[in-house]
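# Tertiary structure, described
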Amino acid sequence: MSEAVHRHARDGVLTVTLDRPKANAVDVTTSRALHDAFAQLQQDDSLRVAVLTGAGERFFSAGWDLKAAADGEAVDADHGPGGFAGLTEFFGLDKPVIAAVNGLALGGGFELALAADLVVAAEHAEFALTEVMLGMVADSGGVLRLPDRLPAAVAREMLLTGRRMSAQEAAHWGLVNRVVPADELPGEADRMARSVAAAAPLAVAAVQEITRSTAELDVEAGFALMRSGRLPRYAQMLRSADAEEGPRAFAEKRAPRWTGS
């Protein structure tokens, strides 16, 4: 396990902490270590959700490690099977990741947060895609995900100028789910993670599959895809024991006992 990436699993929640002083920047080795953590999330049936955060209070992540770049790491270096930071191109991950943004999320750090399913931000957090100021493009998801999440004029301004967005503005645009005082961030992220972990795992996987598969479709086409039998997680959920357990537990006024089958 990389010293730059710490993992802690408890009650179905995998906490992944990026710890590379001073700015939690990401090089190829760190990208691969992060992907190993997310691969553990995917493969371990006891894990339901991950919380991703940065060590310290100033930086969530400053993105690509420019010192590694100065030492010869290429701008188009192979960061491994999950792409930059191990998550930005991990398209097969069907368990949710919650980004707990504890400070500045700049460049690839913002792209990492954009790749998460849910985001909780500390009040002092800020977000920016600074690549154009360094002669590059935010091609680890920024140029693709941000225009899908923001009004076109706002997304273009961020992409073309590198300006910073406060946590409060990010909440206004729906980029983050919660903004909380810094000392409440771990607890809020954990509460959100436990809410996800309490849900039926096959249903969560089906939600992930359906939302990603239908993102570019209208409602009618989305229904057609769901009914086509071409979404295996959705089909598995429909046939599952958990789909019977949920209504039964509700009728019996007890907590459901999910088996993931």
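Residues numbered from 1 in each chain as written. Predicted model: local features only at pLDDT ≥ 70, side-chain atom pairs only at ≥ 80, totals over all residues. Heavy atoms only, no water.

The protein appears in an unreviewed UniProt entry as enoyl-CoA hydratase from Saccharopolyspora montiporae. Among the UniProt annotations of the protein, the heading Sequence similarities (unreviewed entry) holds the following wording: "Belongs to the enoyl-CoA hydratase/isomerase family." (UniProt positions renumbered as here; feature names shortened; annotations may be inferred.)

### Re the overall build of the protein
A tally of regular secondary structure across the protein gives eleven helices and ten strands. Compactness check: the protein gives a C-alpha radius of gyration of 19 Å against a globular reference of 18 Å for 261 residues, within 12% of the reference. Overall size of the protein, expressed as C-alpha extent along the three principal axes, is 60 × 40 × 35 Å. For the protein, the proportion of contacts with a sequence separation of at least 24, taken over those separated by at least 6, is 66%. Looking at the protein as shown, the accessible area adds up to about 13100 Å², and 54% of this sits on carbon and sulfur atoms. The averaged location of the 36 negative side-chain charges in the protein is 5 Å from the averaged location of its 26 positive side-chain charges. (Helix = DSSP H or I, 4+ residues; strand = E, 2+ residues; numbered from the N terminus. Rg over C-alpha atoms; globule rule 2.2 N^0.38 Å. Contact = heavy atoms within 4.5 Å. Areas by Shrake-Rupley, 256 points an atom, 1.4 Å probe, with all protein chains shown as cover. Lys, Arg positive; Asp, Glu negative; His and termini not counted. Charge placed at Lys NZ, Arg CZ, Asp CG, Glu CD.)

### Notes on the nonpolar core
Counting residues in each nonpolar core, the largest one holds 48 residues, and the members touching the most others are V97, V101, F110, F127, L146 and L175. Among the elements of the structure, strand 2 (13–18), helix 1 (28–43), strand 3 (49–54), strand 5 (97–101), helix 3 (108–115), strand 7 (118–122), helix 5 (152–161) and helix 6 (167–172) are those that each provide at least two residues to this core. Discounting residues that sit within four places of it in the chain, L146 has contacts with F110, L114, L129, G141, A155, M158, L159 and L175. Counting residues in hydrophobic clusters, the runner-up holds 14 residues, among them V13, A100, V120 and V180. (Core = buried A, V, L, I, M, F, W, Y, C linked by side-chain atoms within 4.5 Å. Buried < 20%, exposed > 50% of the residue type's maximum accessible area, 1.4 Å probe, protein only.)

### Points about the packing of aromatic side chains
Two numbers describe a pair of aromatic rings. These are the distance of the centres and the angle of the planes. A complete count under the given rule lists one aromatic pair for this structure. Arranged with centres 5.3 Å apart and planes meeting at 50°, the rings of F110 and F127 form a pair that is tilted. Residue F110 is found in helix 3, and its partner F127 is found in strand 8 (residues 126–128); the two are separated by 17 residues along the sequence. A residue is classified by how much of its surface remains accessible, and F127, at 2% relative accessible area, is buried. (Phe/Tyr/Trp six-rings, centres within 6.5 Å; stacked < 30°, edge-to-face > 60°.)

### Structural notes on the packing of helix 4 (residues 142–149) against helix 5
Two elements in contact, helix 4 and helix 5, have axes whose closest approach is 8 Å; the angle formed by their N-to-C orientations is 150°. As far as their axial angle goes, helix 5 and helix 4 are roughly antiparallel. Crossing handedness for the pair helix 4 and helix 5: right-handed. On the side of helix 4, the interface is formed by G142, V143, L146 and P147, while helix 5 contributes A155, M158 and L159. (Axes fitted to C-alpha atoms, helices over the stretch in contact; angles between N-to-C directions. Parallel < 35°, antiparallel > 145°, perpendicular 65-115°, else oblique. Left-handed = near helix turned anticlockwise from the far one by under 90°.)

### Structural notes on empty space enclosed by the protein
Within the structure shown, the criterion is met by one cavity of 30 Å³ or more. When its volume is computed, the largest cavity comes out at roughly 50 Å³. Taken together, F110, A113, L114, V119, F127, R149, L175 and V176 make up the lining of the largest cavity. Counting residues per element, the lining of the largest cavity draws most heavily on helix 3, at three residues. By residue class, the composition of the lining of the largest cavity is seven nonpolar, no polar and one charged. (1 Å grid on protein atoms, 1.4 Å probe; cavity = no way out; pocket = protein on both sides within 12 Å on 5 of 7 lines; lining within 4 Å. Points joined across faces, edges and corners; volume = space filled by probe spheres on them. Nonpolar A, V, L, I, M, F, W, Y, C, P; charged D, E, K, R; others polar.)

### Overview of the pattern of salt bridges
For the structure shown, the criterion picks out 16 salt bridges. R212 is the partner of D117 in a salt bridge, and the nearest nitrogen-oxygen pair spans 3.3 Å. Residue D117 is located in the loop between helix 3 and strand 7, and its partner R212 is located in helix 8 (residues 201–213); the two are separated by 95 residues in the primary sequence. Given a relative accessible area of 29%, D117 falls into the partly exposed group. Taking the relative accessible area as the measure of exposure, R212 reaches 38% and is therefore partly exposed. A salt bridge links E188 to R178; the shortest N-O distance between them is 3.3 Å. With a gap of ten residues between them, E188 in helix 7 (residues 185–197) and R178 in strand 10 (residues 178–180) connect regions that are remote in the sequence. (Salt bridge = Lys/Arg side-chain N within 4 Å of Asp/Glu carboxyl O.)

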